[in-house]
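If you want the building blocks of each chain, they are given just below.
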Amino acid sequence: MGFKYRITNNEIYFLTITVVDWIDVFTRKELAEVVIESLKYCQQHKKLQIYAWCLMPSHLHLIASVDDDKTTFSDVMRDFKKFASKKIIETIGEIAESRKEWLLSHFEYAGRYNPKIKNYKFWQDGLHPIELTSNKFIDQKLNYIHQNPVEAGIVYRAEDYVLSSAAEYAGEHTGLLEVILLE
């Protein structure tokens, strides 16, 4: 079976990583922090370069690449998803989450018939990667990522959304993730 979207090199890609069935999980600060810490780890230890990002309640958008000849972008993202998934499931069990039993049951069911899944399936398969090959395309994806919370009615201004790189692009520094600005 061929895949329409695939990472073929270590160029800059636009990615969308989605929670199974688009469940709103990242409304809990502790769960969003797991994703941020996992991305930080990949930046520090796996040479992940993040140019833009936005963590929405049910998905993550990234413009990113990997600056390493020995590691592929696909490998880094596979490791990110695997680690973050385990840590998120663990965190759901530890925090005051009113939907705890429902969430864990849902993620367990999602992975039940997949021989690759041991216990829980948190992320949907794939990354939906799109290589960014022109400045126009980069600008379009930057705008899409940063306007996502505005379009969803979460904030009025993109730079006010904490879980995104929009503030960095507006000249403010949040410090959540190291961002390489695309000009």
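Caption draft 1: Inspection of the environment of L127 at higher detail. Mapped onto the fold, L127 is located in the loop between α3 (100-111) and β4 (130-131). In this structure, the C-alpha to C-alpha distance between L127 and M77, residues 50 residues apart in sequence, is 8.3 Å.

Caption draft 2: Fine view of the confidence of the model for the chain. The predicted model of the chain has a mean per-residue pLDDT of 90, with 95% of residues at 70 or higher. Per-element confidence in the chain ranges from a low mean pLDDT of 88 for β4 to a high of 97 for strand β2 (residues 48-55). Across residues 1-5, where pLDDT falls below 50, the model places three contacts with residues more than four positions away in sequence or in other chains.

Caption draft 3: Broad picture of unusual backbone geometry. Here W22, not a glycine, exhibits a phi torsion of approximately 55 degrees, which is positive. Assignment of secondary structure puts W22 in the loop between β1 (13-18) and α1 (29-45). Given a relative accessible area of 47%, W22 falls into the partly exposed group. The backbone phi angle of K47 is positive, close to 60 degrees, even though this residue is not glycine.

Caption draft 4: How the structure looks around helix α2 (residues 73-94). Taking 1.5 Å per residue, 22 residues should reach 32 Å; α2 reaches 31 Å between its end C-alpha atoms and fits that length. Turning to α2, its buried residues number three or more, namely F73, V76, M77, F80, K81, A84, S85, I88, I89, T91 and I92. Elements in contact with the buried residues of α2: β1, α1, β2, β3 (59-66) and α3.

Rules behind the numbers
Residues numbered from 1 in each chain as written. Predicted model: local features only at pLDDT ≥ 70, side-chain atom pairs only at ≥ 80, totals over all residues. Heavy atoms only, no water. Helix = DSSP H or I, 4+ residues; strand = E, 2+ residues; numbered from the N terminus. pLDDT = per-residue confidence, 0-100. Contact = heavy atoms within 4.5 Å. Buried < 20%, exposed > 50% of the residue type's maximum accessible area, 1.4 Å probe, protein only. Expected span 1.5 Å × (residues − 1).

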